[in-house]
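If you want the building blocks of each chain, they are given just below.
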Amino acid sequence: MGATVDHLESHHRYTVIRGFTDAKGVRVPFEASGVIRMIDISDDVTEIYIDWEREGVAPGGPTERLTFLMKATDGPRTNHMRTYFEKGDLVMPPRERKPAAAAPSPAAPPAPQADPSLARFEGLHPQEEICLNENRVACGCDPAFHRTVWPLAQLGVNACLRCGAVTVTRQVGDDGHHTGNAWTAYWTVPTSQVIVDWLAQFPRMNIAYGGAPWRWPMAAELVRYPILVYPADTRVADQASLDALEARLGAEQAAQSRAWCIGSACTNISAVPPDVPEALNAFIVARHALYIRPGSDLDILKSHAHLRSPSCELAADLLLRRPDAYGVMMEWLGSADANTFSAGVAMLRDARRIFSGPDDPRLAPQVLRILDGLSLEPAKDVPGRVETCLRFESFLVAIADLGANSPAMLDGLSALAAKLHGKDRYVADAARVVMNELNGVDNRPPEYRKS
């Protein structure tokens, strides 16, 4: 899974509306254009990497890498990318030729079918590129047993709960937005068996992409999908065993934090092997996070707690265990530095541990004070938005995730919506969505509500 920075995301065309030179000296002139294929963040969360297919001038091949510093004070950087890039159409990678087979129906695509021919790999990773069609693991088991391996990385890593096979893949497809024919296929990525065996030590998870609260279109790092986590050694023999396992895990994990669910499933993950591909760096970051503690250096904890970090929830949980957690969180939430603020938001959304409840006297007054102090100056690059719109949205998501439904908080959000009504209708509407959620009102469109 690639990162997102402001309005930049993979597989969209962008035109440069203000020329710049990146941190490595790459000069990109006004009106240059290209398609972004990958966005990533360095392990220490100090650099942003953007790989794009720049039209006509990429040295040494079709893809050019741009590098930007997180702490830059000018040029392209977080919260300022819209000043330099104008977003265009979705441009998916060229569709790979699939083995001869009946094309899936756009209206009702067939469910993935077990492919007995894949059993020949006997749990080993294919050392060649093979199209698995809709299947995610190179094994002969029913795809109903296939699960994602935590954490999400640029390349997909999936495992079979029945036979234990683990496969690294890249995903290709078309969302059907322009063609009307939505399809997805997975191609294996040749990967050293030593590295695959190491990846197999990480837990599996089932992500309920349809289970996130109905709110508003927002940055990917703010969306939190429900997950069910399985230890790496989990194996089931049949569908009945899988159903029983998931019922038990669901009951056990329902009242636990995400950090607990993930951390308790991570046991005995060995040291990082050499030559792990950059596209799997998320696993290196996550493994490092398992060995930091609440008393570790604050800068290290902060870099892991950043919302775009694969170890975000683990690090935020460690920070919330510190005796100075409240002070650190509030200081970071008021910081002008985007990375520091991001870590503060990660703490706030899971801060039940340090508050006595939604009426805790420290919660609403301090959060609302910070919100009231955010600038309402118009954004220079987006009409009808305030320059701090992303900060407002981050606070609103954290308040909703925290369930901070005290009268003081609800009154404060109502005042915020009124204040922003004529300056940023988008944030004002988002505040009302959060108020509805905190009041137990169903935000979903009528067609999705239960009768």
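Residues numbered from 1 in each chain as written. Predicted model: local features only at pLDDT ≥ 70, side-chain atom pairs only at ≥ 80, totals over all residues. Heavy atoms only, no water.

Caption draft 1: The arrangement of the sheet that holds strand S13 (residues 227–230) in detail. Spatially, the six strands line up as an open sheet ordered S11-S10-S9-S8-S12-S13, and their pairing is antiparallel. Two strands in the sheet have a free side with no partner beyond their single neighbour: strand S11 (183–188) and S13. Pairs of neighbouring strands in the sheet enclose a mean axial angle of 45°, with direction left out of account. The pairing of strand S10 (residues 166–174) with S11 spans six bridges and is antiparallel. (Pairing = 2+ DSSP bridges. Helix = DSSP H or I, 4+ residues; strand = E, 2+ residues; numbered from the N terminus. Axes fitted to C-alpha atoms, helices over the stretch in contact; angles between N-to-C directions.)

Caption draft 2: Region of interest: helix H2 (residues 239–253). With 15 residues, H2 extends 21 Å between its outermost C-alpha atoms, agreeing within 8% with the 21 Å of an ideal straight helix rising 1.5 Å per residue. For H2, the complete set of buried residues consists of Leu-242, Leu-245, Glu-246, Leu-249 and Gln-253. Within H2, the buried residues cover an arc of 95° as seen down the axis, which keeps them to one side. Turned more than 90 degrees from where H2 packs its buried face, Ala-240 and Ala-251 sit exposed. On its buried face, H2 sits against strand S8 (146–149), strand S12 (204–207), S13 and helix H3 (258–265). (Expected span 1.5 Å × (residues − 1). Buried < 20%, exposed > 50% of the residue type's maximum accessible area, 1.4 Å probe, protein only. Arc of directions from axis to C-beta. Contact = heavy atoms within 4.5 Å.)

Caption draft 3: Here's a closer look at helix H11 (residues 407–420). Here H11 spans 20 Å end to end across 14 residues, near enough to the 20 Å set by a 1.5 Å rise per residue. Looking at the buried residues of H11, the elements they touch are helix H9 (363–372), helix H10 (389–402) and helix H12 (425–438).

Caption draft 4: Local environment of the pairing of S12. Pairing of S8 with S12 involves two bridges; the strand directions are antiparallel. Across the sheet, residue Val-149 finds its bridge partner in S12, namely Arg-204. The pairing of S12 with S13 spans four bridges and is antiparallel. Looking across to S13, one finds that Asn-206 is bridged to Leu-228.

Caption draft 5: Quick peek at the state of the cysteines. One pass over the full model with this rule turns up zero disulfides. Considering cysteine sulfurs only, Cys-139 is the nearest to Cys-131, which forms no disulfide, with 15 Å between them. Since its relative accessible area comes to 12%, Cys-131 is described here as buried. In this structure Cys-160 is a free cysteine whose sulfur lies 3.8 Å from that of Cys-141, the closest cysteine sulfur available. What makes Cys-160 buried here is its relative accessible area of 0%. (Disulfide = S-S within 2.5 Å.)

Caption draft 6: The sheet that holds strand S1 (residues 12–16), seen in detail. Strands sit in the order S6-S5-S4-S1-S7 across an open sheet of five strands; the sheet is antiparallel. Each end of this open sheet is capped by a strand with a single partner; those strands are strand S6 (64–69) and strand S7 (85–90). Adjacent strand axes in the sheet meet at a mean angle of 40°, parallel and antiparallel pairs treated alike. As paired elements, strand S5 (residues 47–54) and S6 share six bridges and run antiparallel to each other. Bridge pairing in S6 places Ile-50 opposite Leu-66.

Caption draft 7: Quick look at the pattern of salt bridges. Counted according to the given criterion, the structure contains 25 salt bridges. The closest approach of N and O atoms between Glu-129 and Arg-170, which form a salt bridge, is 3.3 Å. Of this pair, Glu-129 sits in the loop between S7 and S8 while Arg-170 sits in strand S10, and the two are 41 residues apart along the sequence. A salt bridge links Arg-349 to Asp-401; its shortest N-O distance comes to 2.6 Å. (Salt bridge = Lys/Arg side-chain N within 4 Å of Asp/Glu carboxyl O.)

Caption draft 8: Structural detail: the layout of surface pockets. The volume enclosed by the second largest pocket comes to roughly 590 Å³. For the second largest pocket, the lining is made up of 24 residues, of which Arg-224, Gln-256, Ser-257, Arg-258 and Asp-350 are closest to its centre. For the lining of the second largest pocket, the elements supplying multiple residues, two or more each, are S13, H3 and helix H6 (312–320). Of the residues contributing to the lining of the second largest pocket, the split by class is eleven nonpolar, four polar and nine charged. (1 Å grid on protein atoms, 1.4 Å probe; cavity = no way out; pocket = protein on both sides within 12 Å on 5 of 7 lines; lining within 4 Å. Points joined across faces, edges and corners; volume = space filled by probe spheres on them. Nonpolar A, V, L, I, M, F, W, Y, C, P; charged D, E, K, R; others polar.)

Caption draft 9: Region of interest: the packing of aromatic side chains. Across all of its chains, the model carries eleven aromatic pairs by this definition. Considering the side-chain rings of Tyr-14 and Phe-85, the 6.4 Å spacing of their centres and the 90° angle between planes classify their relative orientation as edge-to-face. Separated by 71 residues along the polypeptide, Tyr-14 in strand S1 and Phe-85 in strand S7 bring together distant segments of the chain. Across this residue pair, the class does not change: Tyr-14 and Phe-85 are buried. Centre to centre, the rings of Phe-20 and Tyr-84 are 6.0 Å apart; their planes meet at 85°, and the pair counts as edge-to-face. Taken as a pair, Phe-20 in strand S2 (residues 20–21) and Tyr-84 in the loop between S6 and S7 lie far apart in primary sequence, 64 residues in all. (Phe/Tyr/Trp six-rings, centres within 6.5 Å; stacked < 30°, edge-to-face > 60°.)

Caption draft 10: Looking closely at the side chain of His-146. Within the secondary structure layout, His-146 lies in strand S8. Residues in contact with His-146, not counting those within four places in the same chain, are Arg-136, Val-137, Cys-139, Cys-141, Ala-159 and Cys-160.

Caption draft 11: Summary view of unusual backbone geometry. A cis amide bond links Trp-150 to the next residue, Pro-151, at an omega of 5°. Along the chain, Pro-151 falls in the loop between S8 and strand S9 (156–160). Its identity as a non-glycine residue notwithstanding, Asn-79 has a phi of 70°, on the positive side. Unusually for a residue other than glycine, Asn-133 sits at a positive phi of about 55°.

Caption draft 12: Molecular detail of the packing of helix H8 (residues 338–349) against H10. Interhelical geometry of H8 versus H10 gives an angle of 20° and a closest axis separation of 8 Å. Overall, the two elements H8 and H10 adopt an arrangement that is roughly parallel. Handedness of the H8/H10 crossing: right-handed. Listed contacts from H10 to Ala-338, Phe-341, Val-345, Leu-348 and Arg-349 of H8 are Arg-391, Ser-394, Phe-395, Val-397, Ala-398, Asp-401 and Leu-402. Residues belonging to the contact of H8 with H10 are distributed by class as follows: eight nonpolar, one polar and three charged. (Parallel < 35°, antiparallel > 145°, perpendicular 65-115°, else oblique. Left-handed = near helix turned anticlockwise from the far one by under 90°.)

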